Amino acid sequence: MNLTPDPGHVRLALHGGAGDPPPDADGRAQREALRAIAVQAHALLVAGGSALDAVTLAVERLEECPLFNAGVGAVLNRDGRPELDAAVMDGRVRACGAVAGLARVKSPVRLARAILERTPHVFFAGAGAEALARELGLEMVEPDHFITDARRRQLAQARKAGAITLDHDHESAGDRPRDDDAAFGTVGAVARDARGHLAAATSTGGLTNKLPGRVGDSAVIGAGTFADDHSCAVSCTGTGEAFIRAGFGLAVHARLSWCGWDLDRACAEALHAVRRYGGRGGCIAVDRDGQLALPFNARSMYRAWVGADGRVHTASRPQDAD
Ligand code: ASP
């Protein structure tokens, strides 16, 4: 796919996590943050920027925003430490980069992007990934940089309940303090640029109270993050183990490529598989024709998108788009 450049081809979607926040949480702050970042990424695309640059920029900005479970404000593992995962994929040639278990790299998605562009490899984890980040000159921080008081309290609640929780699992986290409701989920972006190229990126702190060393779907290419110009770009959020078992991104790709399904049906079927494997969550996806799909099987998914009308929309619940 290499269309004559046309801003009319541009599509964009962002997510800020799916889950079951309390019924009265309106998510206004998260939607405003998503809107502001979508405006920036959309402007880049309309000016002729690549899908890969747009998703990297959007996810980096979302990592900097403490309202989401990625970068600053990421959830904490059982030992009270952040362990950050991220991935990025370029649909043109399926080039990709992924990182897992980071605590000192300021922007995990920037390291994933550097891996894609500057190494012969795809996936780095832990100490080796952080050494590579230093070698490549990326900005490093102390782990405390990512930790917020809300996340400390959220971990204490999860420990008390003996639960490993999705960031936004209001119910399973027990009587979580009200201000934790502001802290929502994993972040991701998918885009189609003016030439019709696709890209996806995802970044997360994973699950609250997760076992140290655990890696979720966000960093797993073909599961939580996937892009191929021949089919679609996908970024997921939810119970990572189930999304990995479903092979989510590749499952959607396969249905489009080999079964002739449309994007809605392919995403819905992959979400059914997630449910079968004991998980829930959602995804954002764009196909090569510019169709968008943003399905979820939780109560809510923070999301922003730009479709054929060229306008930025946001929503959290199924019916509250503006
Ligand atoms: N999918 C992420 C993980 O399992 C968590 C999330 O989306 O909130 O690491």
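Look up a bit, the structure's there.
For every chain, the first residue of the written sequence is number 1, and numbering continues from 1 along that sequence. Totals for whole chains, interfaces and linings use all residues, but because this is a predicted model, local features are given only for residues with pLDDT of at least 70 and pairs of side-chain atoms are given and counted only at 80 or more. Think of the side-chain values as coming from all heavy atoms in the structure, minus any hydrogens and water.

Colleague: What exactly am I supposed to notice about the overall build of the protein chain here?
Modeller: Only runs of H or I of at least four residues qualify as helices and only runs of E of at least two qualify as strands under DSSP, and these elements are numbered from the N terminus. What the protein chain contains, in helices and strands, is eight helices and twelve strands. Here the C-alpha atoms of the protein chain give a radius of gyration of 18 Å, agreeing with the 20 Å that 2.2 N^0.38 yields for 322 residues. Its C-alpha atoms give the protein chain principal-axis dimensions of roughly 55 × 45 × 35 Å. Across the 322 residues that make up the protein chain, the buried fraction comes to 62%. Residue contacts follow a heavy-atom distance rule, with two residues in contact if any of their heavy atoms lie within 4.5 Å. Expressed as a percentage of contacts within the protein chain between residues at least 6 apart in sequence, the contacts between residues at least 24 apart total 68%. Element-wise, carbon and sulfur atoms account for 51% of the exposed surface of the protein chain, whose accessible area totals about 11900 Å². For the protein chain, the distance from the average position of its 37 positive side-chain charges to the average position of its 40 negative side-chain charges is 2 Å. Computation of the radius of gyration draws on C-alpha atoms alone. For the globule rule, the value is 2.2 Å times the number of residues to the power 0.38. Buried means the residue's accessible area, taken with a 1.4 Å probe over protein chains only, is under 20% of the maximum for its type, while exposed means over 50%, and partly exposed covers the values in between. Per-residue accessibility takes into account occlusion by the displayed protein chains alone, with areas from the Shrake-Rupley method and a 1.4 Å probe. Positive residues here are Lys and Arg, negative ones are Asp and Glu, while His and the chain termini are left out of the count. In plain terms, the charge of a residue is placed at NZ if it is Lys, CZ if Arg, CG if Asp and CD if Glu.

Colleague: How should the packing of aromatic side chains be read in this particular structure?
Modeller: What counts as a ring pair is set by centres within 6.5 Å for rings of Phe, Tyr and Trp (its six-membered ring), and what kind of pair is set by the plane angle: stacked under 30 degrees, edge-to-face over 60, tilted for all other angles. With the rule as written, the count across this model stands at one aromatic pair. Pairing F243 with F248 gives two aromatic rings, centres 5.1 Å apart and planes at 35°, and the pair type is tilted. Like F243, the residue F248 is buried in the burial classification. Look at NZ for Lys and CZ for Arg. If either is within 6 Å of the ring centre and within 35 degrees of the ring normal, a charge sits over the ring. Just above the ring of Y277 sits the side chain of R276; from NZ or CZ to the centre is 5.9 Å.

Colleague: For this particular structure, what's the right way to read the sheet that holds strand 7 (residues 225-227)?
Modeller: In sheet architecture, strand pairing relies on hydrogen bonds along the backbone and comes in two forms, parallel and antiparallel. When DSSP finds at least two bridges between two strands, those strands are taken to pair. Judged by pairing direction, the sheet is antiparallel, and its four strands sit side by side in the order 7-8-9-10 without closing on themselves. Only two strands of the sheet have a single partner each, and these edge strands are strand 7 and strand 10 (292-293). Bridge count for strand 8 (residues 232-238) against strand 9 (residues 281-287) is seven bridges, and the pairing is antiparallel. Bridge assignment links V234 to a residue of strand 9, and that residue is A285.

Colleague: Help me out: how do you make sense of the side chain of D90 in this one?
Modeller: Its place among the elements puts D90 in strand 2 (residues 84-90). Not counting residues up to four positions away in its chain, the partners in contact with D90 are L52, A95, L116, L198 and A227.

Colleague: Help me understand the pattern of salt bridges, please; the structure alone is not making it clear to me.
Modeller: Opposite charge on two side chains allows them to pair when their charged atoms are near. Salt bridge, as applied in this entry: a Lys or Arg side-chain nitrogen positioned within 4 Å of an Asp or Glu carboxyl oxygen. All told, the structure shown has 16 salt bridges when counted by the stated rule. Each member of the salt-bridge network shares a partner with another, and the members are R31, E32, R35 and D322.

Colleague: I'm lost on the packing of helix 2 (residues 51-64) against helix 3 (residues 108-118) in this one. Help?
Modeller: In a packed pair of helices, the relevant descriptors are the angle between the two axes and the axis-to-axis distance. Only C-alpha atoms enter the line fits that serve as axes; for helices the fit covers just the stretch in contact. Angles between N-to-C directions range over 0 to 180 degrees. In the contact formed by helix 2 and helix 3, the axes pass within 8 Å of each other and the chain directions differ by 150°. Classed by the angle they form, the pair helix 2 and helix 3 counts as roughly antiparallel. In contact with L52, D53, T56, L57, V59, E60 and E63 of helix 2, helix 3 contributes P108, V109, R110, R113, L116 and E117. Should an angle lie under 35 degrees it is considered roughly parallel, over 145 roughly antiparallel, and from 65 to 115 roughly perpendicular; all remaining angles are considered oblique.

Bear in mind that shape data such as this cannot, by itself, settle questions of function.
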